[in-house]
Amino acid sequence: MHIDALKTLVVDALEELKARDIAVLDVSRLTSVTELMVVASGTSSRHLAALSDKVIQAAKERGMPPLGVEGESGADWVLVDLGDVVVHIMLPETRELYDLERLWADLPSDGVALEEEAHGTS
């Protein structure tokens, strides 16, 4: 499945069950692990479980079963790994604490800055 179609599938599934503050982060220049991260908030642990179940079901129906799921039962953070898209569904307090959007936005976009820091040449 094309990355844009997978992103749309995930966002649509989250919106259908009223996920809050959905953010799509393009991390393709920052890591080789995934292309996109989708971060969304739910209102309770039960809501997180319903949101993750909806994403998983939608992906399976399109022939893209998740590579892994972490934190399903009673968690304050559920991660659904769809390969090119990794979905983080969190309670607002957890999302604020870990602040993935800021964390990924602050990383350098290429290895040059990291090498300079490591060698003290910046």
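Above this text is the structure in question.
Here's a quick rundown of the structure. As the structure is a computational prediction, the values presented were derived from the model and not from experiment. (Residues numbered from 1 in each chain as written. Predicted model: local features only at pLDDT ≥ 70, side-chain atom pairs only at ≥ 80, totals over all residues. Heavy atoms only, no water.)

One open sheet holds the five strands; their spatial order is E1-E2-E5-E4-E3, and the pairing between them is mixed. Strands with a single pairing partner mark the edges of an open sheet, and in this sheet they are strand E1 (20-26) and strand E3 (68-70). Along the sheet, successive strands turn relative to each other by an average axial angle of 10 degrees, direction set aside. Inspection of the sheet shows strand E2 (residues 36-41) paired to strand E5 (residues 85-90) by six bridges, in the parallel sense. When the sheet's bridge partners are listed, Met37 is paired in E5 with Val86. Helix H1 (residues 3-16) contacts E1, E2 and E5 of the sheet and is inclined by roughly 15 degrees relative to E5. Sheet strands in contact with helix H2 (residues 45-61) are E2, E3, strand E4 (77-81) and E5, and its direction is about 5 degrees off that of E4. (Pairing = 2+ DSSP bridges. Helix = DSSP H or I, 4+ residues; strand = E, 2+ residues; numbered from the N terminus. Axes fitted to C-alpha atoms, helices over the stretch in contact; angles between N-to-C directions. Contact = heavy atoms within 4.5 Å.)

Once that is clear, we can look at the pairing of E2. Here E2 lies mainly inside the structure; six of its six residues are buried. The alternating pattern of E2 places Leu36, Val38 and Ala40 and Met37, Val39 and Ser41 on opposite faces, both of which are buried. (Buried < 20%, exposed > 50% of the residue type's maximum accessible area, 1.4 Å probe, protein only.)

Attention now goes to H2. Between its terminal C-alpha atoms H2 stretches 24 Å, which fits the 24 Å expected from 17 residues at 1.5 Å a residue. His47, Leu48, Leu51, Ser52, Val55, Ile56, Ala58 and Ala59 are the residues of H2 that are buried. Lining the buried residues of H2 we find H1, E2, E3, E4 and E5. Immediately downstream of H2, the backbone of Gly63 shows phi near 80 degrees, a positive value. (Expected span 1.5 Å × (residues − 1).)

Let us look at the packing of aromatic side chains. Each aromatic ring pair is described using two quantities: the centre-to-centre distance and the angle formed by the ring planes. All told, the structure shown has one aromatic pair when counted by the stated rule. Centre to centre, the rings of Trp77 and Tyr98 are 4.9 Å apart; their planes meet at 55 degrees, and the pair counts as tilted. Linking Trp77 in strand E4 with Tyr98 in helix H3 (residues 92-98), this pair joins segments that are 21 residues apart in sequence. Under the relative-accessibility criterion, Trp77 is labelled partly exposed at 23%. For Tyr98, a relative accessible area of 45% gives the class partly exposed. (Phe/Tyr/Trp six-rings, centres within 6.5 Å; stacked < 30°, edge-to-face > 60°.)

This is a description of form; function is not addressed.
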